[in-house]
Structures are given as C-alpha cells and as structure tokens.
Amino acid sequence: ATTLLLTNQGLTKPAHCEEAKKPRTSQVVIRPLRWDDEYAWKRLWTAYLTFYETEVDENQYRTTFTRMLSGDPHEFKGLVAELDGELVGIAHYLFHRHGWQESRVCYLQDLYVDPKIRGGGVGKALIEAVYAASDVEGCPKVYWMTQHFNSRARKLYDYVGQRTPFIEYERP
C-alpha cells in the first residue's frame, strides 16, 4: 500500500464551519481492491461511467468486479484510494502483450477520484501506483486514453505522462 498525506485542500467542509478552519491532515492509502470494497467501488465506478455518459447493467458490474479480484494474471487489476476509511478513488489496469516489443505493456483503463477531493494528489498517487505495479511486472510502458473535453484530468496527465500522436478509432 502507498500512503499519501493530504491537507485541508480538497476536503469538503463549508468555509463557515469551525472544523474547516482547523488545520487537518489525513492519510490517503492506495491499496489493491478487496471483496469488501464492492459497494463503495460500485459507487465510484458508477460516477465515473456517468461522467462519460454511459452505463452498464448489474451483470457487468458484477463481472468487472469479480474479474479484478480473480487473481488471474490476464485479467484487470483494481486499486483504490482510501481516506479516513472511505474509498475516494479507483484505478483499473491490465497487463497485455504487445506486437512491437517483447515485454508486456500496461493499459490504465479507468481512473476516477471523488470530486470532493480532486486536486489533492490522489489521482497522481493512483497513477504512480499503477506505474509501480507495472515496474514489478516488468512492463515499462503504461498508457491510457481520455476524452478531449476532460481538461482537468488532462492537466494531471500532462504532468505525469507524455501525450502521443495517436488517435483512437473503433468499430461502428
């Protein structure tokens, strides 16, 4: 698990609230997804899907969650960010073969941080945890995609990654 120390930045308390005026630090822990995370994970993944104006049925929620916890090295993996006992971020990633190199590569498919704490380093910590997992697996390349209008996330991605010239296409 990776631990990240956060200050008041991004934590939600109304400005007039006395508690908000007191200095506060909390530790965010980045750790693998667990079976007992299902409800909180589903809440975050639903918010992520909603942002991208899509949805999945109950069967797909269950399938995705189960795949990430299967232990199968060919399936997706899941990481979560936990703050004060509450899940506040998720990352889903997959190792796969690549036709242009001998080593496998890592695809970061989903990254989501609760809007209440964005800007506090949780997204960066989740990406860095995927980088670390990739290093352990001998995967030097980590890649991901986002939509052009996701400007807030793109600021982070410009900081932690390198934009490529590729444009994605898919079957109609």
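Computed from a prediction, not measured in an experiment: that's the story for all the values here.

Chemist: How would you sum up the environment of Thr 66? Please name residues and give values.
Modeler: Inspection of the secondary structure puts Thr 66 in helix 3 (residues 58–68). Assessed through its relative accessible area of 32%, Thr 66 is described here as partly exposed. Engagement of the side chain of Thr 66 in a polar contact is seen with the backbone oxygen of Arg 62, the distance being 2.8 Å.

Chemist: With reference to specific residues and values, describe the packing of helix 2 (residues 38–51) against helix 3.
Modeler: Where helix 2 contacts helix 3, the axes come no closer than 11 Å and their chain directions differ by 115°. The handedness of the crossing between helix 2 and helix 3 comes out as right-handed. In this structure, helix 2 contributes Glu 38, Trp 41, Lys 42, Trp 45, Thr 46 and Leu 49 to the contact, and helix 3 contributes Glu 58, Tyr 61, Arg 62, Thr 64, Phe 65 and Met 68. A per-class count over the contact of helix 2 with helix 3 returns six nonpolar, two polar and four charged.

Chemist: Go over the nonpolar core with me, naming the residues and quoting the values.
Modeler: Where a protein is soluble and globular, its nonpolar side chains tend to be buried together. Counting residues in each nonpolar core, the largest one holds 27 residues, and the members touching the most others are Tyr 93, Leu 108, Leu 126 and Val 130. Secondary structure elements with two or more residues in this core: strand 2 (26–32), strand 3 (77–83), strand 4 (86–98), strand 5 (101–113), helix 4 (122–136) and helix 5 (151–160). The dominant element in this core, judged by the number of residues it contributes, is helix 4, at seven residues. The residues touching Tyr 93, leaving out its near neighbours within four places in the chain, are Phe 76, Lys 77, Gly 78, Leu 79, Cys 106, Tyr 107, Leu 108, Gln 109, Val 130 and Ala 133. Counting residues in each nonpolar core, the second largest holds 16 residues, with Leu 33, Trp 45, Tyr 52 and Met 68 among its members.

Chemist: Provide a residue-level description of the packing of aromatic side chains, including the pertinent values.
Modeler: Within the structure shown, the criterion is met by 14 aromatic pairs. Taking 6.5 Å as the distance between ring centres and 50° as the angle between the ring planes, the aromatic pair formed by Tyr 52 and Phe 149 counts as tilted. Here the residue Tyr 52 occupies a position in the loop between helix 2 and helix 3, and Phe 149 occupies one in the loop between strand 6 (142–143) and helix 5, the gap between them amounting to 97 residues. Here Phe 149 falls in the partly exposed class, since its relative accessible area comes to 45%. Measuring from centroid to centroid gives 5.5 Å for Trp 144 and Tyr 157, while their planes differ by 70°, and the two rings are edge-to-face. In this pair, Trp 144 is assigned in the loop between strand 6 and helix 5 and Tyr 157 in helix 5, connecting sequence segments 13 residues apart. Counting every residue linked through ring pairs, the aromatic cluster contains Trp 35, Trp 41, Trp 45, Tyr 61 and Phe 65.

What counts as what
- Residues numbered from 1 in each chain as written.
- Predicted model: local features only at pLDDT ≥ 70, side-chain atom pairs only at ≥ 80, totals over all residues.
- Heavy atoms only, no water.
- Helix = DSSP H or I, 4+ residues; strand = E, 2+ residues; numbered from the N terminus.
- Buried < 20%, exposed > 50% of the residue type's maximum accessible area, 1.4 Å probe, protein only.
- Polar contact = N/O pair within 3.5 Å; in protein donor to acceptor, adjacent residues only side chain to side chain.
- Axes fitted to C-alpha atoms, helices over the stretch in contact; angles between N-to-C directions.
- Left-handed = near helix turned anticlockwise from the far one by under 90°.
- Contact = heavy atoms within 4.5 Å.
- Nonpolar A, V, L, I, M, F, W, Y, C, P; charged D, E, K, R; others polar.
- Core = buried A, V, L, I, M, F, W, Y, C linked by side-chain atoms within 4.5 Å.
- Phe/Tyr/Trp six-rings, centres within 6.5 Å; stacked < 30°, edge-to-face > 60°.

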